[in-house]
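Breakdown of the fold
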Amino acid sequence: GFGLNLLSSLLLSVNWLVYVWAVNAGHVIECSLGYFLVPLINVALGRIVFREQLRRVQMAAIACAGVGVGLLIVQVGRVPWIALTLAGSFGLYGLLRKQSPLGALSGLAVETAILAPLAAGLLLWRHHLGTGALGHVDPVRTVLVLSSGVVTAIPLLLFAYGARRLRFTTLGLLQYVAPTLQFLVGWLAYHEPFTAARAWAFACIWTGLACYTADIVWSGRRRLTFRPAPDQAA
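Structure report, in brief. Everything quoted here is computed from the prediction, not taken from an experiment.

Rules used in this analysis
- Residue numbers here run from 1 along each chain, matching the order of that chain's written sequence.
- Local features in this predicted model are restricted to residues whose pLDDT is 70 or higher, and side-chain atom pairs enter the listing and the counts only when it is 80 or higher, whereas totals over whole chains, interfaces and linings include all residues.
- The basis for every side-chain value is the complete set of non-hydrogen atoms in the structure, without hydrogens or water.
- Counting from the N terminus, the helices are DSSP H or I runs at least four residues long and the strands are E runs at least two residues long.
- Three exposure classes are used, based on accessible area relative to the maximum for each residue type with a 1.4 Å probe and protein chains only: buried under 20%, partly exposed in between, and exposed over 50%.
- Here a residue-residue contact requires only that any non-hydrogen atoms of the pair lie within 4.5 Å.
- Computed with the Shrake-Rupley method and a 1.4 Å probe, the accessible areas treat only the protein chains shown as cover for residues.
- A pair is scored as a salt bridge if a Lys or Arg side-chain nitrogen falls within 4 Å of a carboxyl oxygen belonging to Asp or Glu.
- By disulfide we mean two sulfur atoms from cysteines, separated by a distance within 2.5 Å.
- Take the residue count of a helix, subtract one, and multiply by 1.5 Å to get its expected span.
- Along the arc lie the directions from the helix axis toward the C-beta atoms.

Another point: the overall build of the chain. Within the chain, the secondary structure is distributed over ten helices and zero strands. In the chain, the succession of helices and strands from N to C terminus is α-α-α-α-α-α-α-α-α-α. The proportion of buried residues among the 234 residues of the chain is 37%. Across the chain, contacts joining residues at least 24 apart in sequence account for 83% of those joining residues at least 6 apart. Carbon and sulfur atoms form 73% of the exposed surface of the chain, whose accessible area is close to 13,500 Å².

Structure (structure tokens):
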């Protein structure tokens, strides 16, 4: 159990460090691309590691999403190492959290305890160099920096909770919500251009999500329809 959480904490630290650096360096679009890739990696891991079976509609949905992500990669015009690092580290993190015997809260507590000494050492070193934020910025930004930990921990806790209860393929495709919101923030808040290629990519991705959701709803209704009544089951 500890070995899995050690590996998951290392993957999580890589993911966080790359994401924080990339956002501050002006690579919001490529960060979003990375999290668009995460569900595809989760779906692949679900099929390869857990042998989860996919219906034809689900495979078509994944294909549509793959086309959309492919359009985004083409638009980048180079090897998107930031996106690939984010996608690979978080996809493997989800796999390890699903296999961990610890619950969502206890697993996150262990990961935090493992990373805490490293984080504290880095903060002290940055403070010694005078390049850290704490103690060198105004109170408002100090509160924002401290609050970022809470804002990060709550979704991570919910993700760990859901990873142990959902099919890995379902968990993967649901994660398209986060990169979509990132794209909207980049477009509406940071006024990044929303080109025709991006519009086509979004259309492909949302078409895939619509197909997948419709298949889940339809299969759920079929199970309810064909479920035997209590007296028949007896």
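So, on to the pattern of salt bridges. Scanning all chains against the criterion turns up two salt bridges. Between E111 and R97 there is a salt bridge, and its shortest N-O distance comes to 3.6 Å. Residue E111 is found in helix α5 (residues 104–129), and its partner R97 is found in helix α4 (residues 81–99); the two are separated by 14 residues along the sequence. Notably, a salt bridge pairs D138 with R141, separated by 2.7 Å at the nearest N-O pair. For D138, a relative accessible area of 31% translates into the label partly exposed.

A few words on the state of the cysteines. Taken as a whole and assessed by the stated rule, the structure comprises zero disulfides. With no disulfide of its own, C64 has C211 as its nearest cysteine by sulfur position, at a separation of 5.4 Å. Judged by its relative accessible area of 25%, C64 is partly exposed.

Here the focus is the side chain of S8. By the element assignment, S8 lies in helix α1 (residues 2–24). Contacts of S8, omitting those with residues within four sequence positions, involve Y93, L96, R97 and E111.

This brings us to helix α8 (residues 177–189). In this model, α8 (13 residues) spans 17 Å end to end at C-alpha, consistent with the 18 Å of a helix rising 1.5 Å per residue. Taken residue by residue, α8 has P179, T180, Q182, F183 and G186 as its buried positions. Buried residues in α8, looked at end-on, bunch into an arc of 160°, giving them a common side. Just downstream of α8, H191 is the residue with a positive phi angle, here 55°.

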